[in-house]
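In case you want the letters, here they are:
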Amino acid sequence: MRAVIEYVEPGTVEEAVGFLASHRGAAKVVAGGQSLLVLLRQRLLEPEYLLGLDRIPGMRGIAEGAGGELVIGPLTTHREIAASPLVRKGWALLAEAAEQVGSPPVRNAGTIGGNLGFPMIGADPPVALVALGARISLAGPRGTRTVAVEEFYRGYMESVLEPDEIITQVALPPQPAGTRGTYLKYRLRGIDRALVAVAVTLTPDGRGSCKEIRIGLGGVRPAPVRALQAEAILRRARLTEETISRAAQAAVEEVEPVSDLSGSAEYRKKLVKVFVTRALRQLAAGGSGVGRVHES
Amino acid sequence: MNPEVTLRVNGRRYELQVRPDRLLLDVLRDELRLTGARRGCETGYCGACTVLLDGQAVHACCLLAVRAGGREIQTIEGLASNGKLHPLQRAFIEEGAVQCGYCTPGMILSAKALLDENPAPGPEEIRQGISGNLCRCTGYVKIIRAIQTVAQAKGGGRP
Amino acid sequence: MSVTGGVGQRIPRIDAEAMVTGKVCYAVDLQVPGMLVGKIVRSRVPHGRIVRVDTSRAEQMPGVRAVITGLDMPDRKIGLALRDATIVARHKVRYVGEPVAAVAAVDERTAEEAAEAIDVVIEELPAVFDPVEGAQPKAPVIHEELGSYGHSTFMARHYNPIPGTNIAHHYWYRRGDVEAAYREAALVHEETFRIQPVHHGYMEPHVAVANVEPYGRVYLWSNTQRPFEVRKLVAEMFGWPEGRVRLTITKIGGGFGGKITPWLEPIAVALSARAGAPVKITLTRAEDFVTCRRQGGRVRVKSGVAQDGTLLAREVEIHWDSGAFSDLGVSVSTLAAISSPGPYRIPNVKVNSYLVYTNKVVAVPYRGLGVPEVMWAAESHMDSLAHRLGLDPIDIRMKNLAEEGDVAPWGEVFHSIGVKECLRRVKEVRERRRQEGDGRGWGVAVMHKFSTPGTMSEAVIRMNSDGTLLLLSGAPPIGQGCETSLAQIAAEGVGVPVSQITVVAGDTDATPFDAGTFSSRVCFHSGNAVLQAAREVRRRALELAGELLEARPEDLEIANGEIYVQGAPDRKTTMAEVARVSHMSQGAPIIGVGAFRGGGSFKFDPDTGLSGRAAAHWEYGAVLVKVDVDRETGKIDLRQVIGAHDVGKAINPLTVEGQIEGAALMGIGAALYEEMVFDGGSLVNPNFMDYLIPSALEAPDTEPILVETPHGEGPFGAKGIGEGPIIAIAPAIGNAVYDATGVRIRELPLTPERVLNALEAQA
């Protein structure tokens, strides 16, 4: 690989984005390094500078915000998220998605910020983040901005993150009382990314219908997506075989998967239907609190 | 000018100047001559390069050496103490869990990290615990058994 | 009289301690003072004429010590059977990934940059990627010189190319009259099966280190499975006497057949000669993926069967996807074709096997040597026949499986054939489990596997001056544990504990000749040679002890290092004393030499193609699997694998089990997950992210069952076990999927998508 000239560890967000802005495109942020270093090794990326964020306060860790929201620093590892009692308490869906990432060494080193920053088809955490209504904070030389996770992605390996921006936090709103969720992942090997992943959060209205529902789908490019039509069918409706079937069909029509080595677009569409159906049936059957995970 | 980094490996301190893009794996192998961690796939899948970083299994091929500074690194060379093999090393020998041996150091270190965290894993938890380490020779059968025997000897384990 | 660690004992590997502490030198770890780094420049075109390889920029780069192209290599083609391969392309490239130039530089980065600075211009030619298309008369011809190539002597009478086509070798045989048999059959059924290319996926990449001393020796270190073959081919290529070359193997991180052909050694030699320094080439994983693979291809099977399931006739037609060169394909395509009807009694047989060049990565030996491919077809087909006749798949096999003394479809007489016993053992498991309520999803398949005929092993056992023994064997341990089983055979043969034996393996200067580690041959061949050497050592030791004890050698016994007079155990001496006397007093150190040539040959009846004996020995086995199939996703959940294998005699049950368990998962990988996917000749998944080697999460509960039907020529009755257990896995799974769902899939791998499509087509 071509030589990286320097590894830089700024002490503040301002320093970091200042450095990125003054080395347009020549610098790359390294979070967990699980994707970046592979791309470097394969010469798919040849930055002159690597930027580490470890010295910037608040970049790693999980906390509850003043408004009851969950705030996660970008350098927080999948392992930390999966093991966090705070995450388990109110946003367990995310813990369960984090637990499905790759293998233990990948979860031990890989971070949520890195996972978002290197969008790969079939990544787990973003799908759960969609269902949980997460927002991502980005800082750049033009200031900070916050985007909903489903608006963060633009396409294959692409996001709205500018080369001179960094992810500073991921925030998840408090989930209304009684919200249940499920995360289903379908993959070839146990260590692979998802062919299709489905994350659903459902808030019942107390009278047997859905008050609110959010459905995130992964593995269906551009990834991940929120299945808005399917949600609309179910909102204020009861989960019956009939509504579940209509919602699953609607979800299929909302995705535009492509064919790749893991499976064809047609197959992925079939899987979307199967797993949206399974996820909703689980929730209709009561589920077991926020974020019961189920693998095919 | 290459940055200076202090690596603590198997309880020893090493002061090194390393290129900023050097991977921990390359520094361990080329600079420190600790060749128990091996390159297998370069993509974070095979786990032949597994080492323990502050007690957790990581792929040394996906870690910058400069970022490992100040953290506790353990490689297979540091597992036996005073010439006495670690129980996992003994179990791997006795249960026939070693064939070509290329994956073995990484596999043992992942198993150690697993047992340190969960002293009584069931077979599925063991499978999950070593899923970051590919072995092409054994079919994992005897590896899983070796880890189970150590877990059981510690008073746990659900065969 | 049993010795500690002798034959049949379940002892840990003698080299395991070094493995678990990481203190082992694999080829990747090898450092030679002054060593340069070699890098290979590879073709990006599947088929083309080389217009120009411009090395001038690379040659001027600081730190670059040698640059070579194909024209700098000796103009001699090499190959394990047919000499059709250029190691560095000269005028033509034939696959994406083929070496066209190489560099040696002071470090890896310089070497990489120099390799990138080499400008390669290739004029593209029409290419062919499918073996069936490639065999057509109008297909683009990949080897214009086919017909003029040299070849190894072992196949002299047998080699049958079709010049002007891509058919590197056509082997056929006929027995009886299949057409007449079809007319009498209650059922005639034909099916076509496809097998994808897969990679060996060993964990350690290919590595070679060469140090050419200008007026002296040529030193080579590599992780090859066949050091003597590599030495021979390198010497032949450069026109040197074999003895000039010394090849020493390192510890080898897996091979499975992929580390036989010297793809790197000649390049390292050429670079070292030019640079005047040692050169090491270590392949990246992506390079390794374009260096070898399994053949695969297409197999058509047609059978005529009586109403009661008796096989009357079988036809098999195979198109092997050989890739750009034939490597050992002439041998593989012949012996696998011989095996293709299965270990059955079939009076009428017709087999055609075509080894076809394609513009893809070169296919080489892969665990099972073509038999996994033909058994996928034959054993899936056997189930189809059973279902059409309303018979139990196990019963139809039992009815037709051969027994000791039966004549095989290809003409030889079956010996040491424990396949029925293997099948009985797995049937017991199935019946018990069915009674317990596990009704559907069971699949069974049987297998046989030849060990390549007419290969040679030698062994030497030297007594050290303290009475311990040095066992010298040319057969490389590649993880299967032959260092241990050979030491156990030596221990048993001499009568000393296994701890007294040090094994030296695979050094062409130090160890005697051995054909190498392939074709499940080491335990049988090298084992026999070791046993002979051990018996010679024992004879000499007893003779000398007889002199010391004033007793007749035949009255003496050796037990754990002591030699005593039977019935008078206090009249004794030690091996150490025997050694001291032999070395110091008599000047006649005790050295045992053994040699063994396996039976069988590549001689076939010119009229029928039938063989008197095609193999040194045959492995036999039966596999039972249990699956559940998710009908909505097509995903196969492989619950259990039971492999019953006839090993003749388990020299070490622990390592035998390891072979069965490991081969089973490798077979599962090729059956369910793995496929080398090519797009226009380019491999699109040359990494472990996209090429799906099974992890522990894919490893099912696996139960090995050892059956021992002694082989008359095997050491203590032992046969091989390295390859057999992979062979029946894929058809057993396919048959289980049929049992679970009623769909028959004839193409590997059995991906969920393929299964789902089949389920939907059925509905």
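The rules we used
- Residues numbered from 1 in each chain as written.
- Chains lettered and ligands numbered in written order.
- Predicted model: local features only at pLDDT ≥ 70, side-chain atom pairs only at ≥ 80, totals over all residues.
- Helix = DSSP H or I, 4+ residues; strand = E, 2+ residues; numbered from the N terminus.
- Rg over C-alpha atoms; globule rule 2.2 N^0.38 Å.
- Buried ≥ 20, exposed ≤ 12 C-beta atoms within 10 Å, placed from the backbone.
- Contact = placed C-beta atoms within 7 Å.
- Axes fitted to C-alpha atoms, helices over the stretch in contact; angles between N-to-C directions.
- Parallel < 35°, antiparallel > 145°, perpendicular 65-115°, else oblique.
- Nonpolar A, V, L, I, M, F, W, Y, C, P; charged D, E, K, R; others polar.
- pLDDT = per-residue confidence, 0-100.
- Pairing = 2+ DSSP bridges.

Trainee: Explain the overall build of chain A here, please?
Mentor: When you go through chain A residue by residue, the secondary structure sums to twelve helices and 15 strands. A compact globule built from 296 residues would reach a C-alpha radius of gyration of about 19 Å, and chain A, at 19 Å, matches this within 12%. For chain A, the C-alpha atoms occupy an extent of roughly 60 × 45 × 35 Å along the three principal directions. For chain A, with 296 residues in total, the buried portion stands at 56%. Counting contacts in chain A only where the partners sit at least 6 residues apart, residues at least 24 apart contribute 65% of the total.

Trainee: Can you walk me through the environment of B:Lys154 in this structure?
Mentor: All names here are of chain B. Positionally, lysine 154 belongs in the segment after helix H5 (141-153). Of the residues examined, lysine 154 has 12 C-beta atoms within 10 Å and is grouped as exposed. Along the primary structure lysine 154 and alanine 120 are separated by 34 residues, whereas in three dimensions their C-alpha atoms are 7.8 Å apart.

Trainee: Explain the packing of helix H10 (residues 371-389) of chain C against helix H11 (residues 393-400) of chain C to me, please; I cannot follow it from the model alone.
Mentor: Packed helix pairs are specified by the crossing angle of their axes together with the interaxial distance, meaning the distance between the axes. Residues and elements named next belong to chain C. The contact between H10 and H11 brings their axes to 9 Å, and the two run at 110°. For the element pair H10 / H11, the angle class is roughly perpendicular. Between H10, through Met382, Asp383, Leu385 and Ala386, and H11, the contact on the second element is made entirely by Pro393, Ile396 and Arg397. Of the residues in the contact of H10 with H11, the class split is five nonpolar, no polar and two charged.

Trainee: What is the right way to read the environment of A:Ala66 from this model?
Mentor: Within the fold, A:Ala66 resides in the loop between strand E4 (62-64) and strand E5 (70-72). A sequence separation of 23 residues divides A:Ala66 from A:Lys89, and the C-alpha atoms of the two residues are 17 Å apart.

Trainee: For this particular structure, what's the right way to read the interface of chain C and chain B?
Mentor: Think of interface size as the accessible area that goes away when the parts come together; that is how it is often given. Contact with chain C, which involves 43 residues of that partner, is made by 42 residues of chain B. For the side of chain C that touches chain B, the elements supplying multiple residues, two or more each, are helix H1 (16-20) and helix H16 (653-673) of chain C. No other element matches H16(C), which puts eight residues into the side of chain C that touches chain B. Among the residues forming the side of chain C that touches chain B, the class breakdown is 21 nonpolar, 15 polar and seven charged.

Trainee: Honestly, the interface of chain C and chain A in this entry has me stumped. Any pointers?
Mentor: Contact residues are listed per partner, giving 16 residues for chain C and 13 residues for chain A. Looking at the side of chain C that touches chain A, its residues break down into seven nonpolar, three polar and six charged.

Trainee: Would you mind going over the confidence of the model for chain A with me for this structure?
Mentor: For any part of a model where pLDDT is low, the fine detail of the predicted coordinates should not be relied upon. For chain A, the mean per-residue pLDDT works out to 92, and 96% of the residues sit at or above 70. This model gives residues 288-296 of chain A a pLDDT under 50, and the stretch forms 29 contacts once residues within four places in sequence are excluded.

Trainee: Can you help me understand the sheet that holds strand E2 (residues 27-30) of chain A in this one?
Mentor: Strands pair in a sheet through their backbones, by hydrogen bonds, and they do so in one of two ways: parallel or antiparallel. Residues and elements named next belong to chain A. Strand order in the open sheet formed by three strands is E1-E3-E2, and the pairing between neighbours is parallel. Two strands close off the open sheet at either side, each with one partner strand: strand E1 (6-8) and E2. For this sheet, the mean angle separating the axes of adjacent strands, direction not counted, is 30°. Pairing analysis gives three bridges linking E1 to strand E3 (residues 49-52), with the strands arranged parallel. For valine 8, the partnering residue across the bridge sits in E3 and is leucine 51.

Trainee: Whenever I open this one, the sheet that holds strand E21 (residues 562-565) of chain C confuses me. Can you help?
Mentor: All names here are of chain C. Across the sheet, which stays open at both edges, the three strands sit in the order E20-E21-E22 with antiparallel pairing between neighbours. The open sheet is flanked by strand E20 (556-559) and strand E22 (568-574), the only strands paired with a single partner. For this sheet the average axis-to-axis angle between neighbouring strands, irrespective of direction, equals 35°. Direction of pairing for E20 relative to E21: antiparallel, over a ladder of four bridges. Its bridge partner being in E21, leucine 556 is matched across the sheet by valine 565.

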